[in-house]
Amino acid sequence: MTSLEFIPATLGIHEPWVEKGGVHWLQPGKLTVRELAQAMNAIHARFITITAYELPKDEGLRLEYHWDLDGQLLGFPFQLAAKSIESIYDLCEAVDWIEREIHEGFAIDFVGRDYQPLLLREGQTPGVNLREEVK
Amino acid sequence: MSYKIPMGPYHPGLEEPYKLDMICTGETVTDANLSIGFNFRGIEHLAESRNYIQVIALMERVCGICSNIHTLTLCQAMEGLTGLTPPPRAQYIRVIVAELERLHSHTLWAGIAAKLMGFKTMFMTCFELREKVMDVLQAISGNRVNYSMNRIGGVNRDIEDPDAILKMVEAIEAEMARTVIPIFTTSRTARSRCAGIGVLTHEKAASCGVVGPTARASGLAQDLRHAAPYAAYAEMEFNSPVEQDGDVRARLMVRALEIMESCRILRQALAKLPPGELHTGDDKFNFMTGTATSRVEAPRGEVMYSVSWKEGSRNPARIHVRTPTFANMPAIRWMVLGARLADTPLIQASIDPCYSCTDR
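Keep in mind the model is a prediction, meaning the values are calculated, not measured. (Residues numbered from 1 in each chain as written. Chains lettered and ligands numbered in written order. Predicted model: local features only at pLDDT ≥ 70, side-chain atom pairs only at ≥ 80, totals over all residues. Heavy atoms only, no water.)

1. A word on the overall build of chain B
Helix and strand counts for chain B stand at 15 helices and eight strands. Its C-alpha atoms give chain B a radius of gyration of 20 Å, near enough to 21 Å, the size a compact globule of 360 residues would have. Principal-axis analysis of the C-alpha atoms gives chain B an extent of 65 × 45 × 35 Å. Counting only residues that meet the buried cut, chain B has 63% of its 360 residues in that class. Partitioning the intrachain contacts of chain B with sequence separation of at least 6 by distance along the chain shows that 70% fall at a separation of at least 24. Across chain B, 39 positive and 39 negative side-chain charges occur, with their mean positions spaced 4 Å apart. (Helix = DSSP H or I, 4+ residues; strand = E, 2+ residues; numbered from the N terminus. Rg over C-alpha atoms; globule rule 2.2 N^0.38 Å. Buried < 20%, exposed > 50% of the residue type's maximum accessible area, 1.4 Å probe, protein only. Contact = heavy atoms within 4.5 Å. Lys, Arg positive; Asp, Glu negative; His and termini not counted. Charge placed at Lys NZ, Arg CZ, Asp CG, Glu CD.)

2. So, the environment of I5(B)
Residues and elements named next belong to chain B. Considering the arrangement of structural elements, one finds I5 in strand β1 (residues 2-7). For the pair I5 and I23, spaced 18 residues apart in the sequence, the C-alpha separation amounts to 6.3 Å. Residue contacts for I5: discarding those within four places in its chain leaves L20, D21, M22, C24 and L341.

3. Observations regarding the environment of Q348(B)
Residue and element names in this part refer to chain B. Along the chain, the position of Q348 falls in helix α14 (residues 344-349). By relative accessible area, which is 0% here, Q348 ends up buried. A sequence separation of 333 residues divides Q348 from E15, and the C-alpha atoms of the two residues are 9.9 Å apart. Those residues in contact with Q348 that sit more than four places away from it in its chain are M7, L14, Y18, L20, I332 and P353.

4. Focus: the packing of aromatic side chains
What the rule picks out here adds up to 13 aromatic pairs over all chains. Ring geometry for W97(A) against F326(B): centres 5.7 Å apart, planes inclined by 80°, an arrangement best described as edge-to-face. Of this pair, W97(A) sits in helix α3 (residues 96-106) while F326(B) is found in helix α12 (residues 324-328), placing the two residues in two different chains. For the pair W97(A) and F326(B), a shared accessibility class is recorded, and that class is buried. Relative to F285(B), the ring of Y52(B) has its centre 5.3 Å away and its plane inclined at 90°; by these criteria the two rings are edge-to-face. You can see Y52(B) sitting in the loop between α1 (43-47) and α2 (54-60) and its partner F285(B) sitting in the loop between α11 (248-272) and β6 (290-298), a full 233 residues away along the chain. There is no split in this pair, since Y52(B) and F285(B) are both buried. Members of the aromatic cluster, joined through ring pairs, are W17(A), F47(A), Y65(A), W67(A), F76(A) and F78(A). (Phe/Tyr/Trp six-rings, centres within 6.5 Å; stacked < 30°, edge-to-face > 60°.)

5. Details of the pattern of salt bridges
Scanning all chains against the criterion turns up 30 salt bridges over all chains. A salt bridge links D96(A) to R113(A); its shortest N-O distance comes to 2.5 Å. In this pair, D96(A) is assigned in helix α3 and R113(A) in the segment after β7 (109-111), connecting sequence segments 17 residues apart. Relative accessible area serves as the criterion here: at 12%, D96(A) is assigned to the buried category. Linking E99(B) and R225(B) is a salt bridge whose minimum nitrogen-to-oxygen distance equals 3.2 Å. Here E99(B), found in helix α4 (residues 88-117), pairs with R225(B), found in helix α10 (residues 224-227); they are 126 residues apart in sequence, far enough to count as distant. The pair formed by E99(B) and R225(B) is uniform in burial state, with each residue classed as buried. If you follow the salt bridges from partner to partner, you end up with E99(B), R102(B), R216(B), D223(B), R225(B), E258(B) and E297(B) in one network. (Salt bridge = Lys/Arg side-chain N within 4 Å of Asp/Glu carboxyl O.)

6. Brief notes about unusual backbone geometry
One non-glycine residue, A107(A), adopts positive backbone phi at about 55°. Position of A107(A) relative to the elements: it lies in the loop between α3 and β7. The residue S148(B) is not glycine, and still its phi comes out positive at about 50°. Checked against the element boundaries, S148(B) lands in the loop between α5 (120-141) and β4 (150-151).

7. Notes on the confidence of the model for chain B
Per-residue confidence for chain B gives a mean pLDDT of 90, with 100% of residues at or over 70. If you check the scores for this complex, the pTM reads 0.90 and the ipTM reads 0.88. (pLDDT = per-residue confidence, 0-100.)

8. Some words on the sheet that holds strand β7 (residues 301-309) of chain B
Two pairing modes exist for strands in a sheet, parallel and antiparallel, and in both the strands are linked by backbone hydrogen bonds. All names here are of chain B. In space, the three strands of this open sheet follow the order β6-β7-β8, with antiparallel pairing throughout. Each edge of the sheet is formed by a strand with only one pairing partner; in this case those strands are β6 and β8 (318-322). The sheet shows a mean angle of 10° between the axes of neighbouring strands, taken without regard to direction. One ladder, built from five bridges, connects β7 with β8; its direction is antiparallel. The residue of β8 that forms the bridge with S306 is H320. Each of β6, β7 and β8 touches helix α3 (residues 67-82); the most contacted strand, β6, lies at about 150° to it. (Pairing = 2+ DSSP bridges. Axes fitted to C-alpha atoms, helices over the stretch in contact; angles between N-to-C directions.)

Laid out in structure tokens, this is it:
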């Protein structure tokens, strides 16, 4: 069993965990999502999901990555400056469908992987969950 | 010579619409590709236009089988944002209804599995058992599908006739022990259709992040009722059956044994059901700005809701639902590799898929 308190130091993060709303949150700082996925693999954390948020106007999008460690839900928020982020599919097979769903719902590009349509059909435009219609 | 066989989206071997394209060499499946989205209703997006009362009714309709689990998970998340704690009696009633729902889901699944095996008599036996559970759920809630049991801060209805539930529990335990489990475990037909079929190895199950009975049948001992207890589960004694083989038979056995464990939980919850209020009494709620997350062990595995709210708003800013079938379904591709074409409907059914949940 890996104790939560040792994880930030392993990741090179100086901020402590913040428990809020049923989740242990850690701000990833300069850590990339791929480095995070490798670290989660190393401690045998179980991938749960990614939640995408469309923020108020001009603030962009936020992705929250969730892993489970011995029944504790871990959360790592990533603010997206552009509509893209590195894919972790090659590091974590379980993200396949959720990366595809977020790509279709929020038109976010997960760099470094190919897509097949998941909820949409071939040729349909991604971004069906955005507030403004994507043309 | 390889050839592609499309199964679905509308096919007699599938319970709901989805599509599995299988590449076969002779009768053997060598690759497969899944397509979903035929039930996509945009429920998460729709939720943003519903107030805190309406959204509970909306999310209850994510799934026709585990409708109660969706409102339970949502209400727990909303309680996190309002600072409300349901009274003890409500926590016990939540456990009772959740376990009744697990019983009805697992007996339904056992019936469908029996039908796909060619066991029509067993199908009827399982559905007869399920009817007993449905009768109890209808007596409690007035409904057979959407029970409307959960509200923010508690439950809407009481358990007025615990003896009726106990009688049903006794009948199910007796029939499971007398008929269902012995036949599923000893019948030559059941063994030949299930043993060694649709194997998901322990390593692949962990890699795919599968949940619930599908995970436990591949040797992954994960169950949120133990790992992160909610409602009154911390006060219940029960086991989470785990099998190691990862085949259809293992998934069948895990669910059959879980039926017995659900009966055990129901007996305890009914015996210990505390007196008191059903809910906090609030009917207007002040939500804090932020996100709350709740996870629950549904019949098919872990459900997670992330609910975001802005203070002063009546509507959620965002609701994200991660359903168990969404986590389990990608593993079908690995289960059918090397399988005979004729076994693929049963292999798919063995994860007890729900596409209404998956597509939302």
